[in-house]
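Listed below, chain by chain, are the residues.
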Amino acid sequence: MDKCPFHDAFAEHRKQGDAIPITFDDEEITMILGFKAVRSAARDFGSFSSDAPFRVPIPSEEDVRTVRQLPIELDPPKHKTYRALVEPFFRRPLAPEYAEKVSDLIEELLLDASGKENIEIVRDFALPLQSRALTYLFNVDESEAEIWTGWGIHVFRDGKADAKDDFSLEDYINRKFDEAEASPEQPDFFSTLAYAEIEGERLTRDEMVGFANLAFAGGRDTIIQSVSSVFALFGMQPELLNKIRSDSSLINTATEEFFRMVTPLTHIGRVNTENREVHGVETKQDQRISLCWASANYDETVFKDADTFCPDRKPNPHIAFGNGAHTCAGAHHARLIMRTLLRLIADLNIDIKLIDLTENIEKQNDYERRTGFESLIVKLNRTTTSS
Amino acid sequence: MARLTFITESGDNVVADDAFGTLMEVARDHEVEGIDGACGGVCSCATCHVKVHPDWLAKVGPATEVEQELLDLEDETDNRSRLSCQIEVTEELDGLVVEVVTL
């Protein structure tokens, strides 16, 4: 078994320059690789637009949804107006009572898991954690998480929610908005959107669904992958966990290092607005570019020993949550979950023994990248310390 | 220990009398509006931006290279801009005044 679940999938690609042409599912895409080049391009909406329904994710999602995801598939300044509608929900994790709920949840899950012979982390720990924590973000009843857990790891591409003909996510979202519209306004995510207005006009149903679609899809496999990686790395390198256990000031820096090395979203797409050369690669108008976060976060000109997990790395200007106007709205939520998880694994004296794992490999013609686990079986032991 | 003043975008003055740690940590402890410090101080997020009062620029000093590169990407920054997570509070900074400017 490897000693590290992460790797730099783009080291050889970066040697060719800040951008390279790649083929992704038969689509010609210009992939931007260097840290500074990615960060600059992420902010250059004049050249690389997000105003492109279905085409911001790579692979594109024409076949798995019917609506534009909001606010991500908009450019500023319109993007800012739309994002402001949901921003208060994504700032909820900053409240102490929210942090306390997340802590209680993770403690419950850890104690439950540590009482078992072993546990499959991806589906039996990370998925319920992500689903239950999302109810806090949406400010809905926690029982709703039972439905969400049933959707699997990725709402579009996991098990039964896999085909265009089966829009179970959109069906569910539409039902929630039907319910919200039939009731007086409530302080939850669905009701807020159902009653939201922009310039005096209520949102269309497609816009409401677009917001909810992104909120469900964007924070699902990303959080699951990040959470799973904690168990994998500490299982492979228990000395790292001991280091954090003996120095709680490392919890924050280690969390950020997890995000840098995991970079759950390999890349995101933008649409090139006119024929141009992108760092030496001729790119046609309407052709997509990839902002490759997973390459940028391993750029050795910025991150020394980029392939090594350094729990005390600081500064760590990673762009795992993107950069600029579209920086992940769920970052507060994700950071809270990961910091809390690290703190509790340390404080509860939980040791992690790896039993078995099956990696997920994102495989394209031009690269292969590990993106978390199909399955990760561990045994959690609570040890007692002598005082 | 130092006395620091944060002037928020709403015009409030938040005074911290017993400040220690980084400026961002002090701001968060005092719930200064506009300072999230989302990344906890590793220079990844720019959610703790302040503009240093002109009288204090020399004592606070310039931004680090990584910090400056982050600031250079933003429209609302100038030569008074710093990320408060990168400023360690010392007694030399007793009396410091900064304006909070969200990016």
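Residues numbered from 1 in each chain as written. Chains lettered and ligands numbered in written order. Predicted model: local features only at pLDDT ≥ 70, side-chain atom pairs only at ≥ 80, totals over all residues.

### Some details on the overall build of chain A
Working step 1: When its secondary structure is counted, chain A shows 14 helices and 12 strands.
Working step 2: Computed over the C-alpha atoms, the radius of gyration of chain A is 21 Å, within 12% of the 21 Å expected from 2.2 N^0.38 for a compact globule of 387 residues.
Working step 3: The principal-axis extents of the C-alpha atoms in chain A amount to approximately 65 × 55 × 35 Å.
Working step 4: In chain A, which comprises 387 residues, the share counted as buried stands at 48%. (Helix = DSSP H or I, 4+ residues; strand = E, 2+ residues; numbered from the N terminus. Rg over C-alpha atoms; globule rule 2.2 N^0.38 Å. Buried ≥ 20, exposed ≤ 12 C-beta atoms within 10 Å, placed from the backbone.)

### A look at the sheet that holds strand S3 (residues 49-52) of chain B
In a beta sheet, neighbouring strands pair by backbone hydrogen bonds and run either parallel or antiparallel.
Residues and elements named next belong to chain B.
Working step 1: Strand order across the open sheet formed by five strands is S2-S1-S5-S3-S4, with mixed pairing between neighbours. Either end of the sheet is taken by a strand with one partner, and the two such strands are strand S2 (13-19) and strand S4 (81-83). Averaged over all adjacent pairs, the angle separating strand axes in this sheet is 35 degrees, with direction ignored.
Working step 2: Looking at chain direction, S3 and S4 are connected through three bridges and run antiparallel. Residue pairing in the sheet places Val 50 in a bridge with Arg 82 of S4. (Pairing = 2+ DSSP bridges. Axes fitted to C-alpha atoms, helices over the stretch in contact; angles between N-to-C directions.)

### A word on the environment of A:Arg91
Working step 1: Looking at the element boundaries, A:Arg91 is found in the loop between helix H3 (78-90) and helix H4 (96-114).
Working step 2: Its 15 C-beta neighbours within 10 Å are what place A:Arg91 among the partly exposed residues.

### Some thoughts on the nonpolar core
Working step 1: Counting residues in hydrophobic clusters, the biggest one holds 116 residues, and the most contacted among them are A:Ile32, A:Val38, A:Cys292, A:Trp293, A:Ile337 and A:Leu342.
Working step 2: The greatest single-element share of this core, amounting to 11 residues, is contributed by helix H5 (residues 121-138) of chain A.
Working step 3: The residues touching A:Ile32, leaving out its near neighbours within four places in the chain, are A:Asp18, A:Ala19, A:Ala37, A:Val38, A:Ala41, A:Val278, A:His279, A:Ile289, A:Ser290, A:Leu291 and A:Cys292.
Working step 4: Grouped together as the second largest cluster of nonpolar side chains are 26 residues, B:Phe6, B:Ala16, B:Ile87 and B:Val89 included. (Core = buried A, V, L, I, M, F, W, Y, C linked by C-beta atoms within 7 Å. Contact = placed C-beta atoms within 7 Å.)

### So, the interface of chain A and chain B
A common measure of how large an interface is: the accessible area buried when the components associate.
Working step 1: Residue-level contacts link 14 residues of chain A with 11 residues of chain B.
Working step 2: Elements with a minimum of two residues in the side of chain A that touches chain B: helix H12 (250-262) and helix H14 (331-347) of chain A.
Working step 3: Residues belonging to the side of chain A that touches chain B are distributed by class as follows: four nonpolar, five polar and five charged. (Nonpolar A, V, L, I, M, F, W, Y, C, P; charged D, E, K, R; others polar.)

### Here's the deal with the confidence of the model for chain B
Working step 1: Chain-level pLDDT for chain B is 95 on average; 100% of the residues reach the 70-or-more range.
Working step 2: With a pTM of 0.95, the predicted complex shows an ipTM of 0.92. (pLDDT = per-residue confidence, 0-100.)

### Things to note about the pairing of strand S11 (residues 350-363) of chain A
Residue and element names in this part refer to chain A.
Working step 1: Pairing between S11 and strand S12 (residues 368-382): 12 bridges, direction antiparallel. Of the residues in S12, the one forming a bridge with Asp 356 is Ile 377.
Working step 2: The turn linking S11 back onto S12 is made up of four residues.

### A word on the packing of helix H11 (residues 238-246) of chain A against H14(A)
Residues and elements named next belong to chain A.
Working step 1: The N-to-C vectors of H11 and H14 enclose an angle of 90 degrees; their axes lie 9 Å apart at closest approach. The orientation of H11 relative to H14 falls into the category roughly perpendicular. In this structure, H11 contributes Leu 241, Ile 244 and Arg 245 to the contact, and H14 contributes Leu 342, Ile 345 and Ala 346.
Working step 2: Residues that form the contact of H11 with H14 fall into these classes: five nonpolar, no polar and one charged. (Parallel < 35°, antiparallel > 145°, perpendicular 65-115°, else oblique.)

### Quick word on the pairing of S2(B)
Residues and elements named next belong to chain B.
Working step 1: Examined bridge by bridge, strand S1 (residues 2-7) and S2 share five bridges and lie antiparallel to one another. Across the sheet, Ile 7 pairs through a bridge with Asn 13, a residue of S2.
Working step 2: As consecutive antiparallel partners, S1 and S2 are separated by five residues, and within that stretch Gly 11 has a phi angle of approximately 95 degrees, a positive value.

### Focus on the sheet that holds strand S2 (residues 27-32) of chain A
Residues and elements named next belong to chain A.
Working step 1: Taken in spatial order, the five strands make up an open sheet running S1-S2-S10-S7-S3, and their pairing is mixed. Two strands lie at the open edges of the sheet, namely strand S1 (19-24) and strand S3 (48-49), each paired on one side alone.
Working step 2: Against the sheet, helix H2 (residues 35-42) contacts S1, S2, S3 and strand S10 (288-291), and its axis sits at roughly 120 degrees relative to S10.

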